[in-house]
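Results of the structural survey
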Amino acid sequence: MDENTKKRILTGDRPTGRLHLGHYVGSLRTRAELQDAYDEIIEVADVQALTTHFEKPELIKQSILDVTIDNLSVGLDPDKVTIFQQSQIPSIAELTIFYSMIVSCNQLRHNPTIKTEAKNYGYTDLSYGFLGYPVSQTADITFCNAHLVPVGEDQLPHIELARKIVRKFNALYGTSIVEPEAKVSSTGRLSGLDGNAKMGKSLGNALYLSDTPEEIWNKVKVAVTDPAKIHLHDPGHPEVCNVYKYHCVFNKEEAPGISEQCKKGELGCVACKKRLNAVLNNLLDPMRERRAYYEQHPDEVKDILAKGNKRCNEIGNQNLAEIKEKMHILVK
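Attention here is on the structure that accompanies the text. Not measured: the values here are computed from a predicted model. (Residues numbered from 1 in each chain as written. Predicted model: local features only at pLDDT ≥ 70, side-chain atom pairs only at ≥ 80, totals over all residues. Heavy atoms only, no water.)

Some words on the pairing of strand β4 (residues 148-151)
- Here four bridges tie β4 to strand β5 (residues 181-184), and the two strands are oriented parallel to one another. Opposite V149, over in β5, you have A182 as the bridge partner.
- For the crossover that starts at β4, traverses helix α9 (residues 156-173) and ends in the parallel β5, the hand is right-handed. (Pairing = 2+ DSSP bridges. Helix = DSSP H or I, 4+ residues; strand = E, 2+ residues; numbered from the N terminus. Right-handed = clockwise from strand over helix to strand, strands pointing away.)

What to know about the side chain of R288
- Summarising the element assignment, R288 is placed in helix α13 (residues 269-296).
- Within the structure, the side chain of R288 is placed 2.8 Å from the backbone oxygen of D211, a separation counted as a polar contact.
- Only 2.7 Å separates the side chain of R288 from the side chain of D285, close enough to count as a polar contact.
- Residues contacting R288, with those up to four places away along its chain left out, are D211, T212, P213, I216 and N281. (Polar contact = N/O pair within 3.5 Å; in protein donor to acceptor, adjacent residues only side chain to side chain. Contact = heavy atoms within 4.5 Å.)

Things to note about the packing of aromatic side chains
- Using the criterion set out here, one finds seven aromatic pairs in the structure.
- Aromatic side chains Y99 and F169 sit 5.2 Å apart centroid to centroid with 90 degrees between the ring planes, which places their arrangement in the edge-to-face category. Of the two residues, Y99 is situated in helix α4 (residues 90-100) and F169 in helix α9; the sequence distance between them amounts to 70 residues. Exposure class is identical for Y99 and F169. Each is buried.
- By way of ring pairs, the aromatic residues Y99, F169 and Y173 are connected into one cluster. (Phe/Tyr/Trp six-rings, centres within 6.5 Å; stacked < 30°, edge-to-face > 60°. Buried < 20%, exposed > 50% of the residue type's maximum accessible area, 1.4 Å probe, protein only.)

So, the packing of α13 against helix α14 (residues 298-327)
- Closest axis-to-axis distance for the α13/α14 pair is 4 Å, and the angle between their directions is 90 degrees. Taken as axis vectors, α13 and α14 run roughly perpendicular relative to one another. When α13 is examined against α14, the residues Y293, Y294, E295 and Q296 are found in contact with a partner set consisting of P298, E300, V301 and I304.
- Residue composition of the contact of α13 with α14, by class: five nonpolar, one polar and two charged. (Axes fitted to C-alpha atoms, helices over the stretch in contact; angles between N-to-C directions. Parallel < 35°, antiparallel > 145°, perpendicular 65-115°, else oblique. Nonpolar A, V, L, I, M, F, W, Y, C, P; charged D, E, K, R; others polar.)

Concerning the nonpolar core
- Judged by nonpolar contacts, the single largest core of 44 residues is most densely connected at L21, Y24, L207, L209 and F250.
- Considering each element in turn, this core owes the most residues, seven residues, to α13.
- When residues no more than four places from it in sequence are discounted, the contact partners of L207 are H20, L21, L193, M199, I216, K219, V220, Y246 and L280.
- I41, Y99, C144 and C312 belong to the second-largest nonpolar core, a separate cluster that totals 36 residues. (Core = buried A, V, L, I, M, F, W, Y, C linked by side-chain atoms within 4.5 Å.)

Quick look at the side chain of T175
- Residue position: T175 is located in the loop between α9 and β5.
- Overall, T175 belongs to the buried group, its relative accessible area being 8%.
- Excluding residues within four positions of it along the chain, T175 makes contact with F169, N170, I323 and K326.

A few points about the state of the cysteines
- Within this structure, the stated rule accounts for zero disulfides.
- C144 forms no disulfide, and the closest cysteine sulfur to it belongs to C312, at a distance of 6.5 Å.
- Judged by its relative accessible area of 0%, C144 falls in the buried class.
- By relative accessible area, which is 0% here, C312 ends up buried. (Disulfide = S-S within 2.5 Å.)

Some details on the packing of α4 against α14
- Taken N-terminus to C-terminus, the directions of α4 and α14 make an angle of 30 degrees; their axes are 8 Å apart at the nearest point. Considering the angle they form, α4 stands roughly parallel to α14. In terms of crossing hand, the pair formed by α4 and α14 is left-handed. Contact residues: α4 offers P90, S91, E94, L95 and F98, while α14 offers N313, G316, N317, L320, I323, K324 and M327.
- Per-class residue counts for the contact of α4 with α14 are six nonpolar, four polar and two charged. (Left-handed = near helix turned anticlockwise from the far one by under 90°.)

Some thoughts on the pairing of strand β3 (residues 81-85)
- For β3, the tally of buried residues reaches five of five residues, placing the bulk of the element in the interior.
- Here β3 shows no split at all, with V81, I83 and Q85 on one side and T82 and F84 on the other all buried.

A short note on the environment of F98
- Here F98 lies in helix α4.
- Exposure remark for F98: the relative accessible area of 16% places this residue in the buried category.
- As for F98 and A139, which are separated by 41 residues in sequence, their C-alpha atoms are 9.1 Å apart.
- Here F98 is in contact with F169, L320, K324, M327 and I329, once residues within four sequence places are set aside.

Examining the pattern of salt bridges
- Considering all chains together, one arrives at 16 salt bridges under this definition.
- We note a salt bridge from E295 to R18, for which the minimum N-O separation is 3.5 Å. Of this pair, E295 sits in helix α13 while R18 sits in the loop between β1 (8-13) and α1 (21-34), placing them 277 residues apart in sequence.
- Note on E295: relative accessible area 39%, which makes it partly exposed.
- Among the salt bridges present, the one from R163 reaches E179, with a minimum N-O distance of 3.0 Å. (Salt bridge = Lys/Arg side-chain N within 4 Å of Asp/Glu carboxyl O.)

And the structure:
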């Protein structure tokens, strides 16, 4: 299928550290599955990383390559997808400014996702950039006229605001910016093996795609399980066990049998963890192989980003010129 006939997807990651299994379940796996059916554009959102990590520019710099390699390691083909660096696309910055003129502060303050994120980070006095994150995200989506944006349910308020901004902008200026639609992930969030409801870099409970087999086992072997199952042959309650939750995600074929064995006291927690460890490493081994290749060829990774930046600038500059003309601010 010609890329011009495909619907366009915009998705991406903030480069604030390497990506983990939560990212894989929530988005990376889907990206790999959709790369043939869609014109897939993947953003390394370094500008948005500054909203929470502005004091750690060295982390962002290193993470730009790490996050790009993480995407490539899951099987994304650089000949099929476009990976680009947000800060290198001026049209996104310009669109962010234009959109900010028609969005009220009250709309941003009452965005439930912004409220939740501010609480999670302990922010009481929000920066202009943090509060305006949804405006920047709207520019990310629309600079290339993306049709679809894969998101979790917690990000739906951002997409709804993006749609409102686009509708208002088109009505004001007669532009024809595509009104994006959310493609909601059905997988949900991956909980932490430590019992936390979420896996996160800041929570210290992440299993990274780049972890070695030894690192994976060191994390799996201390995972929280059923607190009532103390002895080997005690009947277990898999529905409350974090290790079993992982079997349901990564080991679906064996999960029902594991559940029955656990309930009957026929499977101990250590053996169950060893089985999960083997499953996770079988999943990660091909990723480690691809990662090793790209880590040994960093110039190739930089070339992939440069190629993506070039394409996105061509798309963005053309769209922005048309938008400026409609706004009557393009002097010829």
